[in-house]
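Here is what each chain is made of, one letter per residue.
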Amino acid sequence: MQKSPDLLRLLKERPRDGDAIEEMTAAAFGPDRFHKTVYRLREDVPPIKELCFVCLDQKNRLVASIRNWPVLINEKWPAVMLGPLAISPELRGLGYGKALMWHSMAQSRLQGHSRIILVGDPEYYNQFGFRRDLALLLHLPGWVEERRFLALELVAGSMIGVHGMIGKPVVKKTRRKKKRS
């Protein structure tokens with residue numbers, strides 16, 4: 001029987017959480033993570049602040065985190081790229097990741113996002129509705145183990161006709177107003 005997590009709190013990621021998140025992510029994915037295709041899509045792109053969450057345990061320790069990033073499919077369809085989801089190694093399997101996943105997906109839907117993509121183990125992510133068949137017409141700008149390339153429709157039918165290369169979002173440059181003398 002799987003243990004469930006003790007009382008926990010889910011919060012938006014705070015600026016002070018960065019170091020602890022990096023430590024957990026390093027423990028979960030190792031130093032090779034920076035060479036993965038998904039990391040190239042994250043370079044120089046800030047995560048979606050409203051969709052980055054942390055989990056605190058009863059002792060107020062940060063024990064899990066999830067981040068989400070904006071991407072653009074075929075330069076026209078916006079999507080959320082989920083990951084990384086990181087859990088303190090000694091607490092894996094207790095439900096912290098599930099709590100963050102359900103919360104993150106609900107917040108994505110509430111904020112008007114219609115599709116999420118990720119690269120992860122289908123044995124874990126299928127339980128949340130992520131499917132390989134929804135990502136068959138999508139491509140990443142680098143190698144990925146295809147069985148792990150998954151998508152989820154937050155809005156029914158939102159992946160119909162969606163195809164092409166996943167890239168970084170178009171960053172809108174804002175013009176600074178000139179100071180009046």
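That block above? That's the structure.
Please read all numbers here as calculations on a predicted model, not as lab measurements. (Residues numbered from 1 in each chain as written. Predicted model: local features only at pLDDT ≥ 70, side-chain atom pairs only at ≥ 80, totals over all residues. Heavy atoms only, no water.)

**Student:** So what's going on with the pattern of salt bridges? Which residues, and what values?
**Tutor:** Scanning the entire structure with this criterion turns up eight salt bridges. For Glu145, the salt bridge goes to Arg147, with nearest N and O atoms at 3.2 Å. Since its relative accessible area comes to 34%, Glu145 is described here as partly exposed. Among the charged side chains, a network of salt bridges with common partners joins Glu123, Glu145 and Arg147. (Salt bridge = Lys/Arg side-chain N within 4 Å of Asp/Glu carboxyl O. Buried < 20%, exposed > 50% of the residue type's maximum accessible area, 1.4 Å probe, protein only.)

**Student:** Run through the side chain of Ser88, naming residues and quoting values.
**Tutor:** In this structure, Ser88 sits in the loop between strand E4 (77-87) and helix H3 (96-110). Residue contacts for Ser88: discarding those within four places in its chain leaves Met24, Leu62 and Val63. (Helix = DSSP H or I, 4+ residues; strand = E, 2+ residues; numbered from the N terminus. Contact = heavy atoms within 4.5 Å.)

**Student:** Outline the side chain of Ser114, listing residues and values.
**Tutor:** In this fold, Ser114 is placed in the loop between H3 and strand E5 (115-119). Given the relative accessible area of 19%, Ser114 is considered buried. Residues in contact with Ser114, not counting those within four places in the same chain, are Leu152, Glu153, Leu154, Val155 and Ser158.

**Student:** Give a description of the state of the cysteines that names residues and reports values.
**Tutor:** Counted according to the given criterion, the structure contains zero disulfides. For Cys52, which is in no disulfide, the shortest distance to another cysteine sulfur is to Cys55 and amounts to 15 Å. With relative accessibility at 2%, the residue Cys52 sits in the buried group. (Disulfide = S-S within 2.5 Å.)

**Student:** A description of unusual backbone geometry should follow, citing residues and the corresponding values.
**Tutor:** Backbone torsion omega between Gly83 and Pro84 reads 0°, so that peptide bond is classified as cis. Mapped onto the elements of the fold, Pro84 is located in strand E4. Non-glycine residue Asn74 carries a positive phi angle of around 55°. Within the element layout of this structure, Asn74 appears in the loop between strand E3 (62-73) and E4. Accessibility expressed as a relative area gives 30% for Asn74, which makes it partly exposed.

**Student:** Residue-level account of the packing of aromatic side chains, with values.
**Tutor:** Here a ring pair, both rings aromatic, is described through the centre-centre distance and the interplanar angle of the planes. Tallied over the full model, the rule gives five aromatic pairs. Ring plane angle 50° and centroid distance 6.4 Å describe the contact between Tyr125 and Phe128, whose orientation is recorded as tilted. One aromatic cluster is present, built from ring pairs that chain together Trp102, Tyr124, Tyr125, Phe128 and Phe130. Taking the ring centre of Tyr39 as reference, the NZ or CZ of Arg42 above it sits at 4.6 Å. (Phe/Tyr/Trp six-rings, centres within 6.5 Å; stacked < 30°, edge-to-face > 60°. Lys NZ or Arg CZ within 6 Å of the ring centre and 35° of its normal.)

**Student:** Which residues make up H3, and what values go with them?
**Tutor:** Over its 15 residues, H3 runs 21 Å from end to end, which matches the ideal 21 Å to within 8%, given 1.5 Å per residue. Along H3, the residues classified as buried are Tyr96, Gly97, Leu100, Met101, Ser104, Met105 and Ser108. Projected down its long axis, H3 carries its buried residues within an arc of 155°, all on one side. Positive backbone phi, at 90°, marks Gly112, one or two positions downstream of H3. (Expected span 1.5 Å × (residues − 1). Arc of directions from axis to C-beta.)

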